[in-house]
Amino acid sequence: QVQLVESGGGLVQAGGSLRLSCAASGGTFSRYAIGWFRQAPGKEREFVAAISRTVGQTSYADVVKGRFTISRDTSKDTVYLQMNSLKPEDAAVYYCAASSRVIRVSTYFRDYDYWGQGTQVTVSS
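1. Describing the overall build of the protein
And then number 1: In terms of regular secondary structure, the protein is built from zero helices and eleven strands.
And then number 2: Secondary structure elements in the protein, listed N-terminal to C-terminal, are β-β-β-β-β-β-β-β-β-β-β.
And then number 3: Against the 2.2 N^0.38 benchmark of 14 Å for 125 residues, the protein shows a C-alpha radius of gyration of 13 Å, consistent with a compact globule.
And then number 4: Along the first, second and third principal axes, the C-alpha set of the protein runs to 40 × 25 × 25 Å.
And then number 5: Buried residues in the protein amount to 43% of all 125 residues.
And then number 6: By sequence separation, contacts in the protein at least 24 residues apart represent 59% of the contacts at least 6 residues apart.

2. Brief notes about the pairing of strand β1 (residues 3-7)
And then number 1: A one-sided burial pattern is seen for β1, the buried positions being Leu-4 and Glu-6 and the unburied ones Gln-3, Val-5 and Ser-7.
And then number 2: Examined bridge by bridge, β1 and strand β3 (residues 18-25) share five bridges and lie antiparallel to one another. Looking at β3, one finds that Leu-4 is bridged to Ala-24.

3. Quick notes on the side chain of Thr-119
And then number 1: For Thr-119, the location among the structural elements is in strand β11 (residues 119-124).
And then number 2: Overall, the relative accessible area of 11% leaves Thr-119 in the buried class.
And then number 3: Here the side chain of Thr-119 touches Gly-9 through a polar contact of 3.1 Å, landing on its backbone nitrogen.
And then number 4: In contact with Thr-119, not counting residues within four places along its chain, are Glu-6, Ser-7, Gly-8, Gly-9, Leu-20, Ala-92, Val-93 and Tyr-94.

4. Considering unusual backbone geometry
Among all residues except glycine, the phi angle is most often negative; among peptide bonds, the trans geometry is most common.
And then number 1: At Asp-77, a residue that is not glycine, the phi angle is positive and equals roughly 50 degrees.
And then number 2: The topology assignment puts Asp-77 in the loop between β7 (68-73) and β8 (78-83).
And then number 3: Overall, the relative accessible area of 26% leaves Asp-77 in the partly exposed class.
And then number 4: The phi dihedral of Ser-85 is positive, around 50 degrees, even though this residue is not glycine.
And then number 5: Within the secondary structure, Ser-85 sits in the loop between β8 and β9 (92-99).
And then number 6: Ser-85 sits in the partly exposed class, given a relative accessible area of 40%.

What counts, and where the lines are drawn
Residues numbered from 1 in each chain as written. Predicted model: local features only at pLDDT ≥ 70, side-chain atom pairs only at ≥ 80, totals over all residues. Heavy atoms only, no water. Helix = DSSP H or I, 4+ residues; strand = E, 2+ residues; numbered from the N terminus. Rg over C-alpha atoms; globule rule 2.2 N^0.38 Å. Buried < 20%, exposed > 50% of the residue type's maximum accessible area, 1.4 Å probe, protein only. Contact = heavy atoms within 4.5 Å. Pairing = 2+ DSSP bridges. Polar contact = N/O pair within 3.5 Å; in protein donor to acceptor, adjacent residues only side chain to side chain.

Dropping the structure here:
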């Protein structure tokens, strides 16, 4: 089964940028659709972005559309989440997740079977 490790979180000022990475190991990377979710204190887990098994299809939450970009590098078994124009409301723990059941993309967290440990994103105003 695949293992996921997120990195790239940190503290950034509002309007700034961060790039999160989700490195996969232990599985055939191309078999998995990948999603990014986030959870802020006291709030439910929220879909952020997803990318299909093969490069080409992506999906974004409306609140990040136009600011965030998801991509995958199959040579490095890594998915990235480029986050620009960050807002204080983007602050959360960001998780990547993998699914071999999702054919294209899914915004539903229960469709994903494997999860990373999360990386904290803090945005100061």
